[in-house]
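Listed below are the residues making up each chain.
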There are 2 protein chains.
Amino acid sequence: MAAKPKYLTGDIPAINEFIDRFDVFLLDCDGVIWSGNHVFDGVVETLELLRSRGKKTIFVTNNSTKSRQEYLQKFTGLGIPSDTEEIFGSAYSSAIYISRILKLAPPKNKVFVIGEAGIENELRSESIPFIGGTDPAFRRDMTPEDSKGLADGSLLDPEVGCVLVGLDFHINYLKLAHAFQYLRRGAVFLATNVDSTFPMNHSFFPGAGSISIPLVYMTGQEPLALGKPSQAMMDAIEGKFQLNRERTCMVGDRLNTDIKFGIEGRLGGTLAVLTGVNKQADWEVDDPIAVPAFYVDRLSDLRAAVS
Amino acid sequence: MAAKPKYLTGDIPAINEFIDRFDVFLLDCDGVIWSGNHVFDGVVETLELLRSRGKKTIFVTNNSTKSRQEYLQKFTGLGIPSDTEEIFGSAYSSAIYISRILKLAPPKNKVFVIGEAGIENELRSESIPFIGGTDPAFRRDMTPEDSKGLADGSLLDPEVGCVLVGLDFHINYLKLAHAFQYLRRGAVFLATNVDSTFPMNHSFFPGAGSISIPLVYMTGQEPLALGKPSQAMMDAIEGKFQLNRERTCMVGDRLNTDIKFGIEGRLGGTLAVLTGVNKQADWEVDDPIAVPAFYVDRLSDLRAAVS
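Residues numbered from 1 in each chain as written. Chains lettered and ligands numbered in written order. Predicted model: local features only at pLDDT ≥ 70, side-chain atom pairs only at ≥ 80, totals over all residues. Heavy atoms only, no water.

1. Things to note about the UniProt feature "active site" (unreviewed entry) in chain A
Residue and element names in this part refer to chain A. Feature annotation in UniProt assigns "active site" (unreviewed entry) to the following positions: Asp 28 and Asp 30. Inspection of the secondary structure puts Asp 28 in the loop between β2 (24–27) and β3 (34–35). Exposure remark for Asp 28: the relative accessible area of 7% places this residue in the buried category. If near-sequence neighbours (up to four positions away) are discounted, Asp 28 is found in contact with Ile 33, Val 60, Thr 61, Lys 228, Met 250, Val 251, Gly 252, Asp 253 and Asp 258. Among the polar contacts listed, one links the side chain of Asp 28 to the side chain of Lys 228, at a separation of 2.9 Å. Tracing the backbone through its elements, the reader meets Asp 30 in the loop between β2 and β3. If sequence neighbours within four positions are ignored, Asp 30 has contacts with Ser 35, Gly 36, Pro 199 and Asp 253. (UniProt positions renumbered as here; feature names shortened; annotations may be inferred. Helix = DSSP H or I, 4+ residues; strand = E, 2+ residues; numbered from the N terminus. Buried < 20%, exposed > 50% of the residue type's maximum accessible area, 1.4 Å probe, protein only. Contact = heavy atoms within 4.5 Å. Polar contact = N/O pair within 3.5 Å; in protein donor to acceptor, adjacent residues only side chain to side chain.)

Here it is, written out as structure tokens:
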């Protein structure tokens, strides 16, 4: 059984001890830094405090709809100083996996993408050829000609060797039918992440996992997921930043992604914040998904360390 | 363990004995009568033979995209004599279930539909109010205004008490987001059927179950399915036709829908045909999904009974 998590809010000595234990903080964004376009109070100052104490901050997000460059624009627009080197999204993680681990060889090296521009931009940054994505040719109803050409294969690109599925606000029958045919013909099945829901406007909407689940149901195959809690993402982060896992802490609001990610990655610590999906009651059950080592009401509670 | 199925093809005495055992034949359509728009050779004559011997033939299909009226047009167009009273589809089964068993009461008696016109026509035939379906207002991208209105509930119809999901060639993010919000607010979750794939042009495409599975993944709830192998459909057929189950045989190509449907419905017999999805090898495994009582290579093999 996991130890009881330590509650840090208001406990200045404990907060200082906590901060001193780590060199690197991996921070989830939604539910931790912001909710949609609303930055939580005191977050900017908290990040400044951590950096002023020599800590490295890395933003680790499962949202695949934005590339690192687009994330940087969002950070800047919200008044949070950052740079692309600090940002690690599941679209980037997927592109890294395809180019450096999967290493698809011609003539089967194209990726069929279900997802938004964020995925396309990260694939381009790794020079990975792809089709689908935001191409208007796939944003339409399926015609009888499509149906024939998909069935006999004449409409399929013989160079596709991988299907990558992320959150797609323009999901439709034509894209699902294409992806299914590629998977039936042996394409590698990847997902940026498999979160069932996506938080927006203080509510929930279909997440990336709800876009790929029809393909799981049809093929009986599970995708390799490249977002949290997949350790493929942790390995990619470690490879890029050369971090010491023992001196690294994962900060997040979700037990099944963030906290599980940190525990399974054998990081030195995990910190849960209660400004997002999960609450204290969620780990105080008989068989919790994951139990954090520490928790605070909100990220900015760490600012008490300055006084 | 189930007995070994009896192979009837070419065995005239066995075919005659088989036909004599039953008064009613429930026939699946796709993979049995036709494949898409191609009627299998000899099927029309086989149906004539059965009827000439005083047998009732009832077409039982999970395809919810057509109403009984639209099915009749298809039968007529393909040269198969029939009438709407002989046709029982999952859209009709769903409408019957909603009006006669669920009996939604105002002010929560509207159905949010994901599906095609077949469902709408059958709901209309039972005077069930509905929204969604083929309404162009739902066949478009989600806007930021939709996202806000779905999150705060202002865009939701407070009269919706049920979400019914069937095969929808125009599935999109907006429809899934609506259905999810209705389900979160307690709407009853129904599916015309949960087949993962849909046969078309001698290949497979996403089926009705692949349209509802994202909602299962998001809510953790399973829908009540009204198509085969759900016994809700068998009960509806029995109620309508007053059939004697002992003297009824289910004919189909799929073990997991047709044959299972007949066995779980304790019918007098099940007949598998090998012109569709499943083959002999599929029930000759250690733990088969379902084993038919009889099988033939093709439905028209029963015509040998005339000689």
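2. Remarks on the side chain of His178(B)
The residue His178(B) is located in helix α7 (residues 173–184) in this model. What His178(B) contacts, discounting residues up to four positions off in sequence, is Phe112(B), Phe138(B), Leu150(B), Leu155(B) and Leu156(B).

3. Structural notes on the relation of the copies chain A and chain B
When chain A is fitted to chain B, the best match, at an RMSD of 0.0 Å, comes from turning it 180° and sliding it 0.0 Å along the axis. On the angle and the small slide along the axis, the relation comes out as a two-fold axis. Judged by C-alpha distance, Asn172(A) is the residue of chain A that lies nearest the rotation axis, at 2.6 Å. A shared interface surface links the copies, since 100% of the contact residues of chain A are contact residues in chain B too. (Least-squares fit on C-alpha atoms with pLDDT ≥ 70 in both.)

4. Things to note about the sheet that holds strand β7 (residues 110–114) of chain A
Residues and elements named next belong to chain A. Overall, parallel pairing links the 5 strands, which are arranged β8-β7-β9-β10-β13 in an open sheet. A strand with exactly one partner marks an edge of an open sheet, and here the two such strands are β8 (130–132) and β13 (224–225). Looking at chain direction, β7 and β8 are connected through 3 bridges and run parallel. Bridged to Phe 112 within β8 is Ile 131. Taken strand by strand, helix α7 (residues 173–184) contacts β7, β8, β9 (160–165) and β10 (188–191), and its axis lies near 145° from that of β7. (Pairing = 2+ DSSP bridges. Axes fitted to C-alpha atoms, helices over the stretch in contact; angles between N-to-C directions.)

5. Focus on the domain arrangement of chain A
All names here are of chain A. Under the domain assignment used here, chain A contains domain 1 (6–62 + 229–306) and domain 2 (103–225). Just the C-alpha atoms count here: the centres of domain 1 and domain 2 sit 31 Å apart. Each partner contributes to the interface: domain 1 provides 7 residues, whereas domain 2 provides 7 residues. Of the roughly 650 Å² buried where domain 1 meets domain 2, counting both sides, 45% is carbon and sulfur surface. For the pair domain 1 and domain 2, the interface holds 0 salt bridges. For the pair domain 1 and domain 2, the interface holds 3 residue pairs in polar contact (both at pLDDT 80 or more). (Domains from an automatic or database assignment. Buried area = accessible area lost by both parts, 1.4 Å probe. Salt bridge = Lys/Arg side-chain N within 4 Å of Asp/Glu carboxyl O.)

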